[in-house]
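Tertiary structure, described
The primary structure of each chain is shown beneath.
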Amino acid sequence: MEYPFPESALRRYDELAGAQGNGAVDAQTAQDMLLPSYLAALGAGASIFGRQMLYRRLRRGLDADALSATRRRVAALLAGGGALERAQEAMQVLRRASAEVTESIFVADAADGAASPLPPVPRWPSCLWLLPLAFFASLAASFFWLPALVPTVLLSLALMAIQISHQARMQYWDGIAQALQLQLYVHSQQAGAPGAQQAAQLRGQLAAGAAEAVPGVAEYANWLMQANLKRYYKTRGLVREHAAFLRESYVLVANLDADLALARHLSQQGLWCWAEEGWEQEIQLQAVTHPLLPDAEALDLSLEGKSAFISGQNGIGKSTLLRTVGLNLLTARGFGFCYAAQARVPNLPVFASMQNEDALAGGESLYQSELRRAHELLALARQPQRAVYIIDEIFRGTNHMESVSAAAAVLEELAAQGTVLVSSHNVVLARLLDRSCVPLLVQKRAGRLVLTPGVLSETNGLTLLAQSGFDPAIEQRAREVYKSLTGRLLSV
């Protein structure tokens, strides 16, 4: 069965494994790029191990060597000859894992490579055998001396109290221990993999404790002999002792399952390609699409040395284009492929600002939310690492003049430090940003959506107003005001 893990479990490995990579996608970018929905589709059929690794790769990206290795492994699975089917059969057992294991083997920012997040096993469990021994002794004595029943009852209560106080912890740990056994089993089955023999031995040690519980008498064994408590501390001690090896084993197995998920996903896609790495200000995407929008039209995008100001009529697909480009940039740097006929893109982090909203509970207006996000992007732009910035309708929460003024200042600064793809209905921005941004127009031609050089000249906002049933006098007055304002702005 497939267990429903929350997003907090999927991101736990990434939180604990350190800040490798060339810039992590932040929370707002993940939401703006619809990454939770994308990862759910991408990881369908994968275990918690593979899904955690997919999350980390997409968020952190991979360097050129790791991307090349991923490409080779995934290509081998897609080469035919039953490789994909055999891998799926080998990995299927991992889906039985009902717990995530990284919190038990990884230590965040640990300087000691052998460190374990588990505390040392206390000494007192080694003396547990004394309690059942004393219980049976007092029970036997009570047959000959009735007052011996008092210590018998007290010892019985003590045994019960120990069980009750540890019950929740033992149940939680059982899921982790079983998941680690599944991990080690898959590792041990990888012929030629480093540590395969050690994985088999350690799995046997972890499983040996579970075999102590005899069916039918397990409850009595646990209550009288504290068998489950002994198993709990024994297996925790093993995991603590072998934490460094278990981390290596986890990475190996999680990578295998993540590669399998990628191969399975790509085998179901009609259009995709391996991405070539371009220089920092080069984005070449031919017939690029979005995997979550099967009916979206493919578009071509070519940028080199400049950012892009994107305009187009209401509902034409500007936001969809931005999400399509952003997601493909992330899949290229995290997995090595794009949903396109051809792709040549930079291996850079991507940051987005597309869904800023007001927060009444926090006392933050829409404009304040936009200002906060702009401040975050500018702080990121001052880092040594260049990035790509995906921005949709910047500064909607204030009046038109201030919106254009603030947008021009912020976008100029971002474009000086990275590559910006911004869409806006404020077409006057195209003129203000002409030194840094290429104007691109999303429009319909011969019934097909295309991206061409230029700026929107025929808006449809007032046409939509008329089509929505407003009085003709209102439409006429709106067009008069629009004409007057346009003349003033274009004279700037």
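Quantities reported herein were computed from a predicted structural model and do not represent experimental measurements.

**Re the pattern of salt bridges**
Under the criterion given, the structure shown has 16 salt bridges. One salt bridge connects Arg344 with Glu276, and the closest N-O pair in it is separated by 3.1 Å. Remark: Glu276 occurs in strand E2 (residues 276-277) and Arg344 occurs in strand E7 (residues 342-345); sequence separation between them is 68 residues. A residue is classified by how much of its surface remains accessible, and Arg344, at 33% relative accessible area, is partly exposed. Across the pair Glu280 and Arg386 runs a salt bridge whose closest N-O atoms are separated by 3.5 Å. Placement of Glu280 in the loop between E2 and strand E3 (282-288) and of Arg386 in the loop between helix H16 (366-381) and strand E9 (388-392) is noted, with a sequence separation of 106 residues between them. Since its relative accessible area comes to 39%, Glu280 is described here as partly exposed. Beyond isolated ion pairs, a larger network of salt bridges with shared partners links Arg11, Arg12, Glu15 and Glu103.

**Re empty space enclosed by the protein**
Overall, the coordinates contain three cavities of 30 Å³ or more when judged by the stated rule. When its volume is computed, the largest cavity comes out at roughly 70 Å³. Forming the boundary of the largest cavity are 12 residues, of which Ser353, Glu370, Ala374, Ile394 and Phe395 lie nearest the centre. When residues of the lining of the largest cavity are traced back to their parent elements, those giving at least two are H16 and helix H17 (400-417).

**Remarks on the packing of helix H5 (residues 48-60) against helix H14 (residues 243-266)**
H14 packs onto H5 with a crossing angle of 80° between their chain directions and a minimal axis gap of 7 Å. By the angle between their directions, the pair H5 and H14 is classed as roughly perpendicular. Taken together, the residues of H14 that come into contact with H5 (itself represented by Phe49, Gly50, Gln52, Met53, Leu54 and Arg57) are Tyr250, Val251, Ala254, Asn255, Asp257, Ala258, Asp259, Ala261 and Leu262. Looking at side-chain class alone, the contact of H5 with H14 contains nine nonpolar, three polar and three charged residues.

**A few points about the sheet that holds strand E5 (residues 307-312)**
An order of E8-E9-E10-E5-E11-E12 is seen for the six strands of this open sheet, with the pairing classed as mixed. Each of the sheet's edge strands pairs with one partner strand only, and the pair in question is strand E8 (350-353) and strand E12 (448-453). Averaged over all pairs of adjacent strands, the angle between strand axes in this sheet comes to 20°, irrespective of strand direction. Strands in contact with helix H15 (residues 318-334) are E5, E8, E9, strand E10 (419-423), strand E11 (437-445) and E12; relative to E9, the strand with the most contacts, it is inclined by about 160°. Those strands touched by H16 are E8 and E9, and its axis lies near 160° from that of E8.

**Quick notes on the sheet that holds strand E4 (residues 299-304)**
Overall, mixed pairing links the four strands, which are arranged E2-E7-E3-E4 in an open sheet. One side of each edge strand has no neighbouring strand; the edge strands of this open sheet are E2 and E4. Sheet analysis places E3 next to E4, joined by five bridges and oriented antiparallel. Of the residues in E4, the one forming a bridge with Val288 is Leu299.

**Quick notes on helix H6 (residues 64-78)**
With 15 residues, H6 should reach 21 Å at 1.5 Å per residue; the first-to-last C-alpha distance of 21 Å fits that figure. All of the buried residues along H6 are Leu67, Ala69, Thr70, Val74 and Leu77. End-on view of H6: buried residues confined to an arc of 160°, all on one side of the axis. Along H6, exposed side chains directed more than 90 degrees from the buried face belong to Asp65 and Arg72. Against the buried residues of H6 lie H5, helix H7 (83-91), H14, strand E1 (273-274) and H15.

**Focus: the environment of Ala179**
Within the secondary structure layout, Ala179 lies in helix H10 (residues 149-188). Look at Ala179 and you get buried, because its relative accessible area is 1%. Sequence spacing of Ala179 and Glu100 is 79 residues, and the spatial spacing of their C-alpha atoms is 7.3 Å. Those residues in contact with Ala179, other than ones at most four positions away along the chain, are Phe49, Ala97, Ala99 and Val101.

**Considering the side chain of Glu100**
Within the fold, Glu100 resides in the loop between H7 and helix H8 (102-105). Although Glu100 is buried, it makes no salt bridge; Arg12 carries the closest opposite charge, 5.1 Å away. Among the polar contacts listed, one links the side chain of Glu100 to the side chain of Thr102, at a separation of 2.5 Å. A polar side-chain atom of Glu100 sits 3.4 Å from the main-chain amide nitrogen of Glu103. Sequence-distant contacts of Glu100, defined by excluding residues within four places in its chain, comprise Phe5, Ala9, Arg12, Ile48, Gln52 and Ile176.

**Quick word on the packing of aromatic side chains**
The full count for this structure, using the stated rule, is 12 aromatic pairs. With centroids separated by 5.0 Å and ring planes inclined at 50°, the aromatic side chains of Tyr13 and Tyr250 adopt a geometry described as tilted. Taken together, the residues span a long stretch of sequence, with Tyr13 in helix H2 (residues 12-16) and Tyr250 in helix H14 at a distance of 237 residues. By relative accessible area, Tyr250 is classed as buried at 0%. Relative to Tyr233, the ring of Tyr232 lies with its centre 4.8 Å away and its plane at 70°, an arrangement referred to as edge-to-face. Neither Tyr232 nor Tyr233 differs from the other in exposure class; each is buried. Taken together through their ring pairs, the aromatic side chains of Tyr38, Trp272, Trp274, Phe335, Phe337 and Tyr339 make up a single cluster.

Rules of the game
Residues numbered from 1 in each chain as written. Predicted model: local features only at pLDDT ≥ 70, side-chain atom pairs only at ≥ 80, totals over all residues. Heavy atoms only, no water. Salt bridge = Lys/Arg side-chain N within 4 Å of Asp/Glu carboxyl O. Helix = DSSP H or I, 4+ residues; strand = E, 2+ residues; numbered from the N terminus. Buried < 20%, exposed > 50% of the residue type's maximum accessible area, 1.4 Å probe, protein only. 1 Å grid on protein atoms, 1.4 Å probe; cavity = no way out; pocket = protein on both sides within 12 Å on 5 of 7 lines; lining within 4 Å. Points joined across faces, edges and corners; volume = space filled by probe spheres on them. Axes fitted to C-alpha atoms, helices over the stretch in contact; angles between N-to-C directions. Parallel < 35°, antiparallel > 145°, perpendicular 65-115°, else oblique. Contact = heavy atoms within 4.5 Å. Nonpolar A, V, L, I, M, F, W, Y, C, P; charged D, E, K, R; others polar. Pairing = 2+ DSSP bridges. Expected span 1.5 Å × (residues − 1). Arc of directions from axis to C-beta. Lys, Arg positive; Asp, Glu negative; His and termini not counted. Polar contact = N/O pair within 3.5 Å; in protein donor to acceptor, adjacent residues only side chain to side chain. Phe/Tyr/Trp six-rings, centres within 6.5 Å; stacked < 30°, edge-to-face > 60°.

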